[in-house]
Amino acid sequence: MMGHGGLDVTFEGPAAGLRCDFRLLPVQQCIRCSPPHSPAGLCFTRPVSASQAGPTSHGRPRYADGRSGHGDVMETYADLVAAEDVLLFVNAAITSTAQREFRSDAHEQRMSLDFLHEYVRVNYRELYAATLALDINDHNAARIIQRLLVTAGEADPGQKRAEGRLIAARLAVLPPQRVYRIFAELRRAKVNNRRTRAIVRDWLAGRRDPAFDAVKYRAGLKTAVRHAHLPVADELGDFLFAPRARTRYTHALLETRRRARYEQGALYELPYTVAEGFAARHGIPRAVFLERIAPRMTRLEQLRLQESARTHKAAVDTDLTRMPLTRLASYVLSLDLDVRAGRRAELTGALRAAARRIAGPYAGTWGRVAAVLDDSFSAYGSGQKRRRPLAVALACHFLLAELAGSYVPLWTSGRADALLVHPYGHTPLGMRILDALDHAPERLVIVSDGWDNAPPGLAGEVLRVWRTRLDPQRRTHVVHLNPVYDADSFDVRRLAPSVPTAGVRDAGDLPALVELAQFAEGRTGLAELRAYLDEKVKIFTGNAT
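Residues numbered from 1 in each chain as written. Predicted model: local features only at pLDDT ≥ 70, side-chain atom pairs only at ≥ 80, totals over all residues. Heavy atoms only, no water.

Within the protein one finds 24 helices and 9 strands. Relative to its 545 residues, the protein shows a buried fraction of 51%. By sequence separation, contacts in the protein at least 24 residues apart represent 64% of the contacts at least 6 residues apart. Roughly 24800 Å² of accessible area belongs to the protein as shown, and the carbon and sulfur atoms make up 52% of that amount. (Helix = DSSP H or I, 4+ residues; strand = E, 2+ residues; numbered from the N terminus. Buried < 20%, exposed > 50% of the residue type's maximum accessible area, 1.4 Å probe, protein only. Contact = heavy atoms within 4.5 Å. Areas by Shrake-Rupley, 256 points an atom, 1.4 Å probe, with all protein chains shown as cover.)

Below you can see the structure in the form of structure tokens.
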């Protein structure tokens, strides 16, 4: 195969067996999955020792067959592609929920994500399963679990045992409604082998109160019990499958659910989502219902219903300081600017408290930090993910302020008041990056969708010159966090090959993502990535030594 400059380059075969050779584009793919290269371009050399490597990227020698390594450790071209593929999938699994984004519709997102899942599952099944131990979003975690169980026949006994531990650990932290949807999907796919039934049985056995699930997730529980052929207690069985067979239940919650059909007072002892339907049936005024049901709401339900309560003049007290940081940022951005200004002390205090919880013992340990934060018009997101990119940027802003010893935030719009940011204008990332580098930070964090357009491409050129000419010793650690999945490229959009890019959906994951970004930077390869994932899996499944 002809490589760069007419050099005859031989590559090992693809890492797996899909009938798709889009990865075998030698120069373009090497540029994407290898360490950053000098402006002179890509160069293949004869094998040399690390001490003789000369000015290659990070001192890593490059071989004529596409291998690279330090000393006796070598990585084939296929290893580099494998590491790149897995990192690409992780970025997608963190950012994409198959919903509409600013520049792509839901169909494009879904098709792109489906291809990535299938591609990585077929090519790298063990690594595909291991991503369950990372901070991927619940949507993709559910898809991974479902696909692993549907294709269990493709795994050997060792893989099945490892997958089983990961699936059990991930199901334990997923929201119950999401788990019940997974079980329903498995039923529709007619997956009902012994392993699947055991997973369903063990998860249900670990639920704290089966009666609570029977009331709040009745349809999901019925589907799971039927599909896995599980026995249920007589009273619970009657509640699920023959609700009118009993005139009274001994379990207090089941009896409350029965009485709520006839008594208004009983519905206030039920979970909010169940009680809401009964309130509508009984014609209870919204303000009265919200005030009386408030003690039964979860924290996120209280946050989500804040504005509804204000509209109906209902007194629903919520401790905003206990809310998750990114969710709280989304709530703040949903408020009008004058409301934010009027509640400045309350909202700012809550955001700082949430950020301090995440920073924990690492508060103030990051030294001098500068951040370029995208509040351009594209940060609006879409109708399905309204203001989500901007909410991530706002949450990262408050978290970085806690992690940093000294902190300089720079919004693309030029605003200085973070609490009043809103999506507006172009994306002059290049200019803001120049402003940030003027402060000589130890860390530069860029939170943006990567669509640099004022002028186009300036950010990438600034970062290239900075890294290759002005800071080749890497005194400033630069990382780009992107909250938006680009369906066309099967990845989050990158600013420059020399700058690591990681997907981000929740600001709470920022410290871990900065750590993961080292693999995208090209300083480490597949062996280090496997070791990193193995350690994450051990911790996640409770087997850390």
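Let us now look at the environment of Ala224. Following the sequence through the fold, Ala224 ends up in helix α10 (residues 218-228). Considering only alpha carbons, one finds Ala224 and Ala184, 40 residues apart in sequence, at a separation of 7.0 Å. The residues contacting Ala224, other than those within four sequence positions of it, are Tyr180, Phe183, Val200 and Leu204.

What follows covers the side chain of Arg432. Within the secondary structure layout, Arg432 lies in helix α21 (residues 429-437). Using a relative accessible area of 18% as the deciding quantity, one classes Arg432 as buried. Beyond its immediate chain neighbours, meaning those up to four positions away, Arg432 contacts Val372, Leu410, Trp411, Thr412, Ser413 and Gly414.

Turning our attention to the packing of aromatic side chains. If you walk through the whole model with that rule in mind, you get 11 aromatic pairs. Centre to centre, the rings of Phe239 and Tyr249 are 5.8 Å apart; their planes meet at 75°, and the pair counts as edge-to-face. With Phe239 in helix α11 (residues 234-241) and Tyr249 in the loop between α11 and α12 (252-259), this pair connects stretches of sequence that are 10 residues apart. Judged by relative accessible area, Phe239 falls into the buried class, the value being 3%. Among the residues examined, Tyr249 registers a relative accessible area of 5% and is labelled buried. The ring of Phe239 has Arg218 lying over it, and the distance from NZ or CZ to the ring centre is 4.6 Å. Positioned over the ring face of Trp451 is Arg493, at 3.7 Å from the centre of the ring. (Phe/Tyr/Trp six-rings, centres within 6.5 Å; stacked < 30°, edge-to-face > 60°. Lys NZ or Arg CZ within 6 Å of the ring centre and 35° of its normal.)

Okay, the sheet that holds strand β4 (residues 406-411) next. Here we have 5 strands laid out as an open sheet, ordered β4-β3-β5-β6-β9, and parallel in their pairing. Unpaired on one side and paired on the other, β4 and β9 (501-503) mark the two borders of the sheet. Sheet twist, expressed as the mean angle between neighbouring strand axes with direction ignored, is 20°. (Pairing = 2+ DSSP bridges. Axes fitted to C-alpha atoms, helices over the stretch in contact; angles between N-to-C directions.)

Below, the discussion takes up the packing of helix α2 (residues 77-95) against helix α3 (residues 106-123). Packing of α2 against α3 brings their axes to within 10 Å, and their N-to-C directions diverge by 140°. In terms of orientation, α2 and α3 fall into the oblique class. Between α2 and α3 lies a crossing whose hand is left-handed. Packed against α2, whose contacting residues are Asp85, Leu88, Phe89 and Ala92, the element α3 presents Leu113, Leu116, His117, Tyr119 and Val120 at the interface. Grouping the constituent residues of the contact of α2 with α3 by class yields 7 nonpolar, 1 polar and 1 charged. (Parallel < 35°, antiparallel > 145°, perpendicular 65-115°, else oblique. Left-handed = near helix turned anticlockwise from the far one by under 90°. Nonpolar A, V, L, I, M, F, W, Y, C, P; charged D, E, K, R; others polar.)

So, about the environment of Asp506. Tracing the chain through its elements places Asp506 in the loop between β9 and α23 (510-520). Distance from Asp506 to Ala395, taken between C-alpha atoms, is 8.2 Å for residues 111 residues apart in sequence. For Asp506, the residues in contact, after removing those within four places along its chain, are Thr326 and Arg388. Side-chain polar atoms of Asp506 contact the backbone nitrogen of Gly508, separated by 2.8 Å. (Polar contact = N/O pair within 3.5 Å; in protein donor to acceptor, adjacent residues only side chain to side chain.)

For the bond from Ala454 to Pro455, the omega torsion is -5°, close enough to zero to count as cis. Residue placement: Pro455 occurs in the loop between β5 (443-447) and α22 (458-470). For Ala98, which is not a glycine, the phi torsion comes out positive at approximately 60°. As for its position among the elements, Ala98 is in the loop between α2 and α3. Relative accessible area serves as the criterion here: at 13%, Ala98 is assigned to the buried category.

A word on α21. For α21, the full list of buried residues reads Leu429, Gly430, Arg432, Ile433, Ala436 and Leu437. Buried residues in α21, looked at end-on, bunch into an arc of 165°, giving them a common side. Packing partners of the buried residues in α21 comprise β3 (368-373), β4, β5 and α22. (Arc of directions from axis to C-beta.)

As a further point, take the pattern of salt bridges. By the definition in use, this model includes 28 salt bridges. A salt bridge links Asp491 to Arg494, with the shortest nitrogen-to-oxygen separation between them at 2.8 Å. Note on Arg494: relative accessible area 27%, which makes it partly exposed. Linked by salt bridges that have partners in common, Asp114, Glu118, Arg121, Arg125, Arg143, Arg147, Glu154, Glu163 and Arg195 make up one network. (Salt bridge = Lys/Arg side-chain N within 4 Å of Asp/Glu carboxyl O.)

Within the secondary structure, Leu510 sits in helix α23. Separated by 151 residues in the primary sequence, Leu510 and Ala359 place their C-alpha atoms 9.9 Å from one another. With near-sequence residues (within four places) excluded, Leu510 lies in contact with Trp366, Cys396, Leu399, Leu400, Leu403 and Leu481.

Let us now look at a negative patch on the surface. Together, Glu126, Asp156, Asp534 and Glu535 make up a negatively charged patch on the protein surface. Its location among the elements puts Asp534 in helix α24 (residues 526-540). (Patch = residues over 30% accessible without salt bridge, like charges linked within 9 Å, V, L, I, M, F, W, Y side chains within 5 Å. Lys, Arg positive; Asp, Glu negative; His and termini not counted. Charge placed at Lys NZ, Arg CZ, Asp CG, Glu CD.)

Quick look at the confidence of the model for the protein now. Of all residues in the protein, 84% attain a pLDDT of 70 or more, and the chain-wide mean is 84. Predicted confidence for residues 1-74 stays below pLDDT 50, and this span has 135 contacts to residues more than four positions away or in other chains. (pLDDT = per-residue confidence, 0-100.)

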